[in-house]
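Overview (structure and organization)
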Amino acid sequence: MSTFFYLEFSLKNIFMKNDSSLGIGKSFLLFIIAFVLLVTTAPIGFLYALIRQTFFSKTKPLRIFLVEVALALDVAGNVMMQHLLNDTLLVKNPNTYYFGNSKETISSVIGKNSLTQTLSFLGIALNAFLNLLDKNHSLNSIIYDLKAWWGR
């Protein structure tokens, strides 16, 4: 597992680059358009998928669809709440791995910071709660994210 951790940890600068070519106005407009489209169309798409997969199950089982939606929401949460999560769940030092990577789940970041012992008291409590629900959840999510990234 240390090979997986080292590889992803060393590549974080590649995936966490900031795109500063867009101005604030254009960035905000893109955010508003994406947000409005999500809020107005996602419920329709979700209900359609639930009905379709429950009665027809043509492409994949409903349980896989629900896990995919949960992962997408988790990754979105990692980006949208990065400042709150960084300030409340992490202890800042050179080994801290920060939230905000748009290709990573919240659990994966918690797992990496658990390994480097850079979780705050609240971060440790959240990690313990996740481990109650699913044994070694945050550590397993590191490997899961890498497998998804490598396409396995």
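What you see is a predicted model, and the numbers here were worked out from it, not measured in a lab.

1. Digging into the overall build of the chain
Summing up its helical and strand segments, the chain has eight helices and zero strands in all. In the chain, the succession of α and β elements from N to C terminus is α-α-α-α-α-α-α-α. Looking at the 152 residues of the chain, the share that counts as buried comes to 27%. Intrachain contacts of the chain at a sequence separation of at least 6 include 56% that bridge at least 24 residues. With the model as given, the accessible surface of the chain reaches about 10,400 Å², and the carbon-plus-sulfur share is 69%.

2. A short note on the pattern of salt bridges
Side-chain pairs of opposite charge can arise whenever the charged atoms involved come near each other. Taken as a whole and judged by the stated rule, the model has two salt bridges. The partner of K92 in a salt bridge is D87, and the shortest N-O contact between them spans 3.9 Å. Relative accessible area serves as the criterion here: at 41%, K92 is assigned to the partly exposed category. With a relative accessible area of 59%, D87 lands in the exposed category. Residue E104 is joined to K112 by a salt bridge in which the shortest nitrogen-to-oxygen separation is 2.3 Å. Note on E104: relative accessible area 0%, which makes it buried. Exposure remark for K112: the relative accessible area of 0% places this residue in the buried category.

3. Some details on the packing of aromatic side chains
Overall, the coordinates contain three aromatic pairs when judged by the stated rule. Centre to centre, the rings of F31 and F35 are 5.8 Å apart; their planes meet at 20°, and the pair counts as stacked. Taken as a pair, F31 and F35 lie in helix 3 (residues 24–55) at a separation of four residues, close to a single helical turn. Taken together, the aromatic side chains of F28, F31 and F35 make up a single cluster linked through ring pairs.

4. Describing a nonpolar patch on the surface
On the surface, F28, F31, I32, F35, V36, L38 and V39 cluster together into a nonpolar patch covering about 650 Å² of accessible area. By the secondary structure assignment, F28 is in helix 3. Residue class for F28 comes out exposed when judged on its relative accessible area of 52%.

5. Considerations on the confidence of the model for the chain
Close reading of the predicted structure is inappropriate where its pLDDT is low. Summarising the model, the chain shows a mean pLDDT of 84, and 80% of its residues fall at 70 or more. The element-level mean pLDDT for the chain is lowest in helix 2 (residues 12–15), coming to 50, with helix 5 (residues 82–89) highest at 98.

6. Section: the nonpolar core
Counting residues in hydrophobic clusters, the biggest one holds 10 residues: L85, L89, L90, Y97, F99, I106, V109, I110, L119 and L130. Among the elements of the structure, helix 5 and helix 6 (106–115) are those that each provide at least two residues to this core. The element that contributes the greatest number of residues to this core is helix 6, accounting for three residues. In this view, L89 contacts F99, T118, L119, S120, L122, G123 and L126; residues no more than four positions away in its chain are not counted.

7. Observations regarding unusual backbone geometry
With phi around 55°, Q117 is a residue other than glycine that occupies positive phi space. Checked against the element boundaries, Q117 lands in the loop between helix 6 and helix 7 (121–133). Although it is not a glycine, N136 sits at a positive phi angle of roughly 55°. In this fold, N136 is placed in the loop between helix 7 and helix 8 (137–150). According to the relative accessible area criterion, N136 is partly exposed, its value standing at 35%.

About the cut-offs
- Residues numbered from 1 in each chain as written.
- Predicted model: local features only at pLDDT ≥ 70, side-chain atom pairs only at ≥ 80, totals over all residues.
- Heavy atoms only, no water.
- Helix = DSSP H or I, 4+ residues; strand = E, 2+ residues; numbered from the N terminus.
- Buried < 20%, exposed > 50% of the residue type's maximum accessible area, 1.4 Å probe, protein only.
- Contact = heavy atoms within 4.5 Å.
- Areas by Shrake-Rupley, 256 points an atom, 1.4 Å probe, with all protein chains shown as cover.
- Salt bridge = Lys/Arg side-chain N within 4 Å of Asp/Glu carboxyl O.
- Phe/Tyr/Trp six-rings, centres within 6.5 Å; stacked < 30°, edge-to-face > 60°.
- Patch = residues over 30% accessible without salt bridge, like charges linked within 9 Å, V, L, I, M, F, W, Y side chains within 5 Å.
- pLDDT = per-residue confidence, 0-100.
- Core = buried A, V, L, I, M, F, W, Y, C linked by side-chain atoms within 4.5 Å.

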